[in-house]
Protein chains: 4
Amino acid sequence: MSQTDMEVFQELESEVRSYCRSFPAVFTKAKGYKVWDIEGNEYIDFFSGAGALNYGHNDEEMKQALVDYILNDGITHSLDMATDAKGTFLRKFHEVILQPRALNYKVMFPGPTGTNTVESALKLARKVTGRTDIMSFTNGFHGMTIGSLSVTGNLAKRKGAGIPLTNVVTMPYDDYVSEVDTLDYVERFLCDRGSGMELPAAAIVETVQGEGGINVARTEWLQRLASICKEHEILLIIDDVQAGVGRTGTFFSFEEAKIVPDIVCLSKSIGGYGLPLALTLIRPDLDVWSPGEHNGTFRGNNHAFVTATAALTYWENEEFMSTVKEKATHIENFLKKLVVHYPTIEGEVRGRGFMVGIRSNVAGLSSRVAAAAFKRGLIMETSGAEDEVFKLFPPLTIDEEGLEKGLALLEESVQEVTKEKEMIVN
Amino acid sequence: MSQTDMEVFQELESEVRSYCRSFPAVFTKAKGYKVWDIEGNEYIDFFSGAGALNYGHNDEEMKQALVDYILNDGITHSLDMATDAKGTFLRKFHEVILQPRALNYKVMFPGPTGTNTVESALKLARKVTGRTDIMSFTNGFHGMTIGSLSVTGNLAKRKGAGIPLTNVVTMPYDDYVSEVDTLDYVERFLCDRGSGMELPAAAIVETVQGEGGINVARTEWLQRLASICKEHEILLIIDDVQAGVGRTGTFFSFEEAKIVPDIVCLSKSIGGYGLPLALTLIRPDLDVWSPGEHNGTFRGNNHAFVTATAALTYWENEEFMSTVKEKATHIENFLKKLVVHYPTIEGEVRGRGFMVGIRSNVAGLSSRVAAAAFKRGLIMETSGAEDEVFKLFPPLTIDEEGLEKGLALLEESVQEVTKEKEMIVN
Amino acid sequence: MSQTDMEVFQELESEVRSYCRSFPAVFTKAKGYKVWDIEGNEYIDFFSGAGALNYGHNDEEMKQALVDYILNDGITHSLDMATDAKGTFLRKFHEVILQPRALNYKVMFPGPTGTNTVESALKLARKVTGRTDIMSFTNGFHGMTIGSLSVTGNLAKRKGAGIPLTNVVTMPYDDYVSEVDTLDYVERFLCDRGSGMELPAAAIVETVQGEGGINVARTEWLQRLASICKEHEILLIIDDVQAGVGRTGTFFSFEEAKIVPDIVCLSKSIGGYGLPLALTLIRPDLDVWSPGEHNGTFRGNNHAFVTATAALTYWENEEFMSTVKEKATHIENFLKKLVVHYPTIEGEVRGRGFMVGIRSNVAGLSSRVAAAAFKRGLIMETSGAEDEVFKLFPPLTIDEEGLEKGLALLEESVQEVTKEKEMIVN
Amino acid sequence: MSQTDMEVFQELESEVRSYCRSFPAVFTKAKGYKVWDIEGNEYIDFFSGAGALNYGHNDEEMKQALVDYILNDGITHSLDMATDAKGTFLRKFHEVILQPRALNYKVMFPGPTGTNTVESALKLARKVTGRTDIMSFTNGFHGMTIGSLSVTGNLAKRKGAGIPLTNVVTMPYDDYVSEVDTLDYVERFLCDRGSGMELPAAAIVETVQGEGGINVARTEWLQRLASICKEHEILLIIDDVQAGVGRTGTFFSFEEAKIVPDIVCLSKSIGGYGLPLALTLIRPDLDVWSPGEHNGTFRGNNHAFVTATAALTYWENEEFMSTVKEKATHIENFLKKLVVHYPTIEGEVRGRGFMVGIRSNVAGLSSRVAAAAFKRGLIMETSGAEDEVFKLFPPLTIDEEGLEKGLALLEESVQEVTKEKEMIVN
């Protein structure tokens, strides 16, 4: 019957479908770190909706709040009208997230997805500065609409545009060229009046590149980048769509580096329950939008406001983050041992917090690990322009049992793949 | 207290907010064609979430299906993995919508908003044809991300891009220049090897332009456009985001013209309940996407699959549309009388089905009518590049009582505004 | 031996060579309207270097001045330094051309070719207005570098760019769509805030389109265009590279329409002797260039200054133009009779002054006429995106004998081709 | 009277004029390395028309050939028709230049200026590869039309475009960032599928950057670049407009590095006498142009063919280059001493062959040196995005006396400026 059901997608859905090819099962239910398919098989989720389910699936508190709201006929769709659900979210976000971190941002609802917030950030940066170009970074990933795609590094995705992607200059991310501080390049280009690089409106950067291969920018690099931006009056946009909302161990991924971006892009887990929501946080003096200059039908997804508000409860004290950090340390140690024990995978541990993975220099190995894991009931994906990394993205809320079980399945998968490899070699 | 609450938005939300300025109230609940604010005031909704709430607010059947799904821990967020909720939707959409209309399309989930489906359509058209340019039409509206914005006519919105919007050629929509068939012009450009107009990959068009001033393309114009596209091997993309899902009196707005687009963009009311969802319908032989070539985090919004599936029930027989048509005729007659009775508004009735309005040649009048209506408890908006049209978008499910009440409030509002006007003149 | 010589070009020159394919002879000498090839064959020149030889070949006065200058070691190449030869030209151009026509322009030397002046005009218009787009016209031809090519209508030439040509909007030239004043379209697009057409920096237009098919804009059309430009503060650039310097019967082609462009592009015959030279004439208050903001190595081609100065002598009184007009009337009458006598060519007389031709609706006929003419010793070319026009461009200085002889050869050629045609038909 | 004459230019010529501001004199005659102004003052020319007068002014042999041609009514202007003068040039260029160097190129006449050859090279590279982007290098200078400007590094010049310059990616030239081989960076971008850098159609590079600050690419760097291009099937375009025709000590500037470009751009001194001429040399299998796909009015400047042919005589044996090399060594030694003797200029000797200069780290100093030199009768200019280099470009044909005199004037000028500087400091 599952077989039949996968046929529905083959028959009726476009060839563009992708994850259903890596994870060939029809999913039905989910709770916390567990997912079930239509045949009743249980999976451990080390994928978390690519960062959209940091709190796991169907969190009880959020679920209750959402069901109550729906049953009470709370307004569902409101464009950018004022609603109680939205006002409550705004106030709580201000109190629980911004104020304690001494951050002062206006909140924009740019449409409910990551690419909407990125597009709005780029537009605003161009409007504020009157400049056209954006500085992006190698292996950055910011979305699939033309504006966001233009600042995305992945060439296969870029080719999908079908048109030249312009008004962007791509600079090397941290550690891109070995034994060089890549910001030396950036500064040289910026300071030289013959570099061909017009002063950009903004730099858009992820502190950890989730899609681009779990590349981590060092704190000093981020700080120097922030300072270069400030010096040249380039706006600094942190795209925290994937790395934000706790994924790296703090609410914003840039807290550790103690930098204050001019614009912050949030989406994915900000809605808490996996419902579409995105925010663009704007330094108040840059909030020069005309009313409606950027708009969209689903800016007022009240269900997501309700769950997003409930999700903020996790951040009312330090406890949540402290358990996340403990678990992150555990995962890191596990991965470090793994690369030592399995030298044939030529692995390198990457990442920060709950945004980690192993880069294997063996071509195709990471994909085989992820496939072997799925067979064992562990959902995880690969990352990087050549899928060179297998990526661990457990929910931040996973308990010890789930984590251990998942890591054990991962090790088994690595073991299987290395054996295969040896067989091939021998 | 409402006053206080509006302040939340002034303090914390970006200046880009817009509808909350035209409709200054904090909304809380909604049912069918009614909406309530935090002070308990009731409003009649002639706006319908700009076409995202064609079935009215919080429809009981959809609500029940949604709550059941949530309570049962149905998977909420699934990217483009296979889920039961998605498979069920796909099958029902095929059976209830496509098959009876002899339409054969592959369904793509391009991300949950209108601009996502438009961006995906443009990408695909460029990939299929290997051409870069898109033919758009004056006063078309397709979305706010750079790709969609490039084919949007509104200059104020275009300026928001901050960069030249390229790879597009804008042609005159039906009736754009008086006493001319504008397709003569289009054909001349296409046939002349010296026209400077490269052969476009696709033409993207709305059959009725909702944002651009409730402009209706005649059936013959649409048919000729389709035939020109066919002759020149230009793909025909119908953007049915606003005009689709029954708004013009049939599920697809192009049914009356009996044309078969190569690609169809759907969003807004396709989710039924106002939840973010979008589809791109693709002629099967054009479905040449590579897996994941276009992607997005919220492609698998299962709550919306559940309500979208429930919403399709309305289309299982002819009844729904036949009552819609009756009501549409009633509205049309009412508006025709209105422009006769109030000649000072210099009004012209526009639109088709439940997508109608009055264009007033008196500068600013339409905005004043909408404002006067809101004061009376009627929510309606304006349309057109200079807000020259006041636009009636009641839910298709509105009952006679609601409709009469709304129309009465509208007439009162027109009356008030014309009096003001006379006072000013005198 | 001539045969051998054509082989040199086949062996050593790029495939891009073109006229040497239509006129397969090795030319050596030229005088007035006559040209000789290496075998001593004499040709009548109804081509005039595509408008660069309006005074015929190797005019005696200019030749003398040039040889004297060279023998005296006058400075040849001077970039944009001040030289006596240049100063003399500037003064004489001012006195003989600008002052008598009450025109007030600053003169820029943008590099020695037509495309240089066009590129400089577009740059300046963008700088002055701060806008990016240029309004071009169907079948306009302005040059082959990317800026000029972007405003050129010919699709085969545009394709040569290899990149999308952007920041331009092409509007219909006069008479482009039958029974419509095409400026109605232009105005509609300009006045409608939803037209998708950003306010352009400038409109660039030829009063007679030489490459685009000898299309003549009517005086009223040019006047209305000038008035539309003025109203919308769009700069009006007249590209008089081909139509200027007497070709249409006045020095500037726009004199008849009594319009005053903001910027004028001149090249081709401005040097008099066929030497590379171009001018950009700029309304003084628009002359906001920074020094060197546009430059080029061959801006100071002093040989061309010398011959250009000598050429201005033709314009010191009315005589030259009055004989040109007489001859032009004669040519026009001849062509009108020709289309009547040879109805099978389905011909239509086009053009103005010495810039005339016959458009034939018979596919391929115009090329056959030009080929038949060349066989008879008459050099003439075709025009239009599909070579649908055979084009008469005699030197303005041609005498009666030469003209009659040329016209007679043309008639013979038409006769031959129509006979062929009949033979094919029968 | 000279005063009066400079007024002509102020009154009648555009503000864009530039060199006449640095060299405020009205020049009349020139011979070899000497130039005279209208008041009879004599100047030594260390500027050579920015590289267009490598053989000095009004070379006797060329002059004779030119005057003979003119007196004989040789055809002057011929577009791209076959002429005897052109055929003779083609054959001699093949025999004297290409064959002895074992180079096999088709010759294209792209229009008579440097920017024409660059535009044609970019077009062809895009056509051959079907790709849109070009790899340019920091501080490259390739011309002022939009295509050439897009690959030019100078930001002030780029800004002149008034539109975003797209379809180009600028990479670091040799030695751009200290202690790094900048080609490591280039290779990293090319090999990484996530670099955001689409595979370019071509790399365009100068072996010595004349306008960009007399930056010399090392032989190994050029060789590695050539090998990277070959590996990635990127066409290598050497822009030899300024560095070619003997300027660096060999006919082509890339001979020393023993690389064979796919396309070579030549102009400036190729005409010999300072007359406008340009060539694009094309690897035969890349010569896929359609006839006329790129064209231009002044492709057939026969006067320049005549002088260009005469100029090739210099290259019939080794003598010319051997004297050039001797003199170049002398200049280099002189400059090296100069920077030692005048440490306050903080000078660094740059360049190769007769393409040399001193970069001074003292802001404004180089311009003051050039101004002081002009006062003394020595014409020389500055180079670099901030005019940080004073540049020596004597004619290759300069004799010992002229060279010594010029160098002496230069030293005096440096002396004067350093004294001023000391006075300011004290």
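Residues numbered from 1 in each chain as written. Chains lettered and ligands numbered in written order. Predicted model: local features only at pLDDT ≥ 70, side-chain atom pairs only at ≥ 80, totals over all residues. Heavy atoms only, no water.

Chain A goes by Diaminobutyrate--2-oxoglutarate transaminase in an unreviewed UniProt entry, where it is assigned to Shouchella lonarensis.

Engineer: Looking at this structure, I do not really get the overall build of chain A. What am I missing?
Structural biologist: Counting its regular elements, chain A contains 14 helices and 18 strands. Taking 2.2 N^0.38 as the reference for a compact globule, 426 residues should give roughly 22 Å; the C-alpha atoms of chain A span a radius of gyration of 22 Å, in line with that estimate. Reported as C-alpha extents along the three principal axes, the dimensions of chain A are approximately 60 × 60 × 45 Å. Looking at chain A as a whole, 69% of its 426 residues are labelled buried. The long-range fraction of contacts in chain A, counting pairs at least 24 apart against all pairs at least 6 apart in sequence, stands at 74%. For chain A, the accessible area works out to roughly 13500 Å², and carbon and sulfur atoms hold 48% of it. (Helix = DSSP H or I, 4+ residues; strand = E, 2+ residues; numbered from the N terminus. Rg over C-alpha atoms; globule rule 2.2 N^0.38 Å. Buried < 20%, exposed > 50% of the residue type's maximum accessible area, 1.4 Å probe, protein only. Contact = heavy atoms within 4.5 Å. Areas by Shrake-Rupley, 256 points an atom, 1.4 Å probe, with all protein chains shown as cover.)

Engineer: Teacher, can you tell me more about the relation of the copies chain B and chain A here?
Structural biologist: In this arrangement, two copies of a chain are superimposed by a rotation about an axis accompanied by a shift along the axis. Relative to chain A, chain B is turned by 180° and slid 0.0 Å along the rotation axis, the superposed coordinates differing by an RMSD of 0.0 Å. The two molecules are tied by a two-fold rotation axis, judged by turn and shift. The C-alpha atom lying nearest the rotation axis in chain B is that of Ile146(B); the distance is 2.7 Å. Take the interface residues of chain B: 100% of them recur as interface residues in chain A, which is what a same-surface contact looks like. (Least-squares fit on C-alpha atoms with pLDDT ≥ 70 in both.)

Engineer: Would you take a moment to explain the interface of chain D and chain A for this structure?
Structural biologist: Note: interface size is frequently given as the accessible area lost on complex formation between the parts. Chain D puts 32 residues into the contact, and the matching count from chain A is 32 residues. Joining chain D to chain A, the criterion identifies two salt bridges. Across the salt bridge formed by Arg158(A) and Glu198(D), the nearest N and O atoms sit 3.1 Å from each other. Linking chain D with chain A are 16 residue pairs in polar contact (both at pLDDT 80 or more), by the criterion used here. Mapped by element, the contributors of at least two residues to the side of chain D that touches chain A are helix 8 (155–159), strand 7 (168–171) and helix 9 (182–191) of chain D. With five residues, helix 9 of chain D is the largest single contributor of residues to the side of chain D that touches chain A. For the side of chain D that touches chain A, the per-class residue count stands at 13 nonpolar, 13 polar and six charged. (Salt bridge = Lys/Arg side-chain N within 4 Å of Asp/Glu carboxyl O. Polar contact = N/O pair within 3.5 Å; in protein donor to acceptor, adjacent residues only side chain to side chain. Nonpolar A, V, L, I, M, F, W, Y, C, P; charged D, E, K, R; others polar.)

Engineer: Is there a simple way to explain unusual backbone geometry in this structure?
Structural biologist: Generally, phi is negative for residues other than glycine and the peptide bonds are trans, each holding for most cases. Residue and element names in this part refer to chain A. In this structure, serine 48 is a non-glycine residue whose phi angle is positive, near 55°. Considering the arrangement of structural elements, one finds serine 48 in helix 3 (residues 48–51). The buried category is assigned to serine 48, whose relative accessible area is 0%. With a phi close to 50°, asparagine 58 is a non-glycine residue in the positive phi region.

Engineer: Before we go on, may I ask you to explain the nonpolar core in this structure?
Structural biologist: Taken as a class, soluble globular proteins show a tendency for nonpolar side chains to be buried jointly. Core analysis: the biggest nonpolar cluster contains 479 residues, and Phe93(A), Phe93(B), Phe93(C) and Phe93(D) have the highest contact counts within it. Apart from residues lying up to four places away in sequence, Phe93(B) is in contact with Leu98(B), Val107(B), Phe251(B), Phe252(B), Leu266(B), Ile270(B), Leu279(B), Leu281(B) and Leu312(B). (Core = buried A, V, L, I, M, F, W, Y, C linked by side-chain atoms within 4.5 Å.)

Engineer: For this particular structure, what's the right way to read the interface of chain B and chain A?
Structural biologist: Facing 103 residues of chain B, the contacting portion of chain A comprises 104 residues. Both faces considered, chain B and chain A share a buried interface measuring about 8700 Å² in area, 62% of it formed by carbon and sulfur atoms. Counting across the chain B and chain A interface gives 10 salt bridges. Here the element with the most residues in the side of chain B that touches chain A is helix 1 (residues 2–12) of chain B; it accounts for seven residues. Classifying every residue of the side of chain B that touches chain A gives 47 nonpolar, 32 polar and 24 charged. (Buried area = accessible area lost by both parts, 1.4 Å probe.)

Engineer: Teacher, can you tell me more about the domain arrangement of chain A here?
Structural biologist: Residues and elements named next belong to chain A. According to the domain assignment, chain A consists of domain 1 (3–58 + 321–425) and domain 2 (74–315). Its C-alpha centre places domain 1 at a distance of 26 Å from the equivalent point of domain 2. Of the residues lining the interface, 32 residues belong to domain 1; the matching set on domain 2 comes to 31 residues. Taking both partners together, domain 1 and domain 2 bury about 2500 Å²; carbon and sulfur atoms supply 51% of that area. Together, Tyr55, Arg352 and Met355 form the three largest contributors to the area buried by domain 1 at its contact with domain 2, with a combined 36%. (Domains from an automatic or database assignment.)

Engineer: Honestly, the relation of the copies chain D and chain A in this entry has me stumped. Any pointers?
Structural biologist: Superposition record for chain D on chain A: RMSD 0.0 Å, screw rotation 180°, translation along axis 0.0 Å. When the interface residues of chain D are mapped onto chain A, 97% of them again lie at the interface, so the same face is used by both copies.

Engineer: Help me out: how do you make sense of the pairing of strand 7 (residues 168–171) of chain B in this one?
Structural biologist: Look at any regular strand and the pattern is simple: side chains alternate between the two faces of the sheet. Residues and elements named next belong to chain B. Of the two faces of strand 7, the one carrying Val168 and Thr170 and the one carrying Val169 and Met171 are both buried. By the bridge criterion, four bridges tie strand 6 (residues 134–137) to strand 7 in an arrangement that is parallel. In the sheet register, phenylalanine 137 faces strand 7, and the bridge partner there is methionine 171. (Pairing = 2+ DSSP bridges.)

Engineer: Even after reading the chapter, I still don't get the confidence of the model for chain A, so can you show me in this structure?
Structural biologist: In low-pLDDT regions, the fine details of the predicted coordinates are not to be read closely. Of the residues in chain A, 98% have a pLDDT of 70 or more, and the chain-wide mean is 96. The ipTM assigned to the predicted complex is 0.97, against a pTM of 0.97. (pLDDT = per-residue confidence, 0-100.)

Engineer: So what exactly am I meant to see when it comes to the pattern of salt bridges here?
Structural biologist: Note on pairing: side chains with opposite charge can pair once their charged atoms come close. Inspection of every chain in the model, using the stated rule, returns 121 salt bridges over all chains. Arg224(D) is paired through a salt bridge with Asp181(D); the nearest N and O atoms lie 2.9 Å apart. Here Asp181(D) lies in the loop between strand 7 and helix 9 and Arg224(D) lies in helix 10 (residues 219–232), a separation of 43 residues in the sequence. Judged by its relative accessible area of 27%, Asp181(D) falls in the partly exposed class. A single salt-bridge network, built from bridges that share partners, covers Glu15(A), Arg17(A), Arg21(A), Lys106(B) and Asp287(B).

Engineer: Sorry if this is basic, but what is going on with the environment of Leu183(D) here?
Structural biologist: All names here are of chain D. Within the element layout of this structure, leucine 183 appears in helix 9. According to the relative accessible area criterion, leucine 183 is buried, its value standing at 0%. Other than its neighbours up to four places away in sequence, leucine 183 contacts Trp221, Arg224, Leu225 and Ile228.

Engineer: When you look at the packing of aromatic side chains in this model, what are you seeing that I'm missing?
Structural biologist: Centre distance and the angle of the planes are the two values used to describe a pair of aromatic rings. Residues and elements named next belong to chain D. This model, assessed by the stated rule, comprises 89 aromatic pairs over all chains. Ring geometry for tyrosine 19 and phenylalanine 47: centres 5.0 Å apart, planes at 55°, overall tilted. Here the residue tyrosine 19 occupies a position in helix 2 (residues 19–22), and phenylalanine 47 occupies one in the loop between strand 3 (42–45) and helix 3 (48–51), the gap between them amounting to 28 residues. The exposure classification of tyrosine 19 matches that of phenylalanine 47, with both residues buried. (Phe/Tyr/Trp six-rings, centres within 6.5 Å; stacked < 30°, edge-to-face > 60°.)

Engineer: Any chance you could explain the sheet that holds strand 13 (residues 279–282) of chain B here in plain terms?
Structural biologist: Within a sheet, adjacent strands bond to each other through the backbone by hydrogen bonds, running parallel or antiparallel. Residues and elements named next belong to chain B. One open sheet accounts for seven strands, arranged 5-13-12-11-8-6-7; its pairing is mixed. A single partner strand is all that each edge strand has here, and the edge strands are strand 5 (106–108) and strand 7. Averaged over all pairs of adjacent strands, the angle between their axes in this sheet comes to 20°, without regard to strand direction. As defined by bridge partners, strand 11 (residues 235–239) adjoins strand 12 (residues 263–266) across three bridges and the pair is classed as parallel. Paired with isoleucine 238 across the bridge in strand 12 is valine 264. Packed on one face of the sheet, helix 5 (residues 84–98) meets strand 5, strand 12 and strand 13 and runs near 60° to strand 13. (Axes fitted to C-alpha atoms, helices over the stretch in contact; angles between N-to-C directions.)

Engineer: I keep staring at the state of the cysteines and nothing clicks. Help me out?
Structural biologist: When the sulfur atoms of two cysteines share a covalent bond, that bond is a disulfide. Going through the model one piece at a time under the given rule, you end up with zero disulfides over all chains. Considering cysteine sulfurs only, Cys191(A) is the nearest to Cys229(A), which forms no disulfide, with 12 Å between them. (Disulfide = S-S within 2.5 Å.)

Engineer: Is there a simple way to explain a negative patch on the surface in this structure?
Structural biologist: Residues and elements named next belong to chain A. Residues Asp399, Glu400, Glu401 and Glu404 make up a contiguous surface patch of negative charge. Its place among the elements puts glutamate 401 in helix 14 (residues 400–425). When its relative accessible area of 54% is taken as the criterion, glutamate 401 is described as exposed. (Patch = residues over 30% accessible without salt bridge, like charges linked within 9 Å, V, L, I, M, F, W, Y side chains within 5 Å. Lys, Arg positive; Asp, Glu negative; His and termini not counted. Charge placed at Lys NZ, Arg CZ, Asp CG, Glu CD.)

Engineer: Honestly, the sheet that holds strand 14 (residues 347–352) of chain A in this entry has me stumped. Any pointers?
Structural biologist: Residue and element names in this part refer to chain A. Across the sheet, four strands lie side by side as 14-15-18-17; this open sheet has antiparallel pairing. Only two strands of the sheet have a single partner each, and these edge strands are strand 14 and strand 17 (381–383). Strand-to-strand, the axes of this sheet are offset by a mean angle of 30°, without reference to chain direction. On top of the sheet, helix 12 (residues 319–341) reaches strand 14, strand 15 (355–360) and strand 18 (389–392); it is set at about 5° to strand 15, its chief contact. Docked against the sheet, helix 13 (residues 365–375) engages strand 15, strand 17 and strand 18, running at close to 40° with respect to strand 18.

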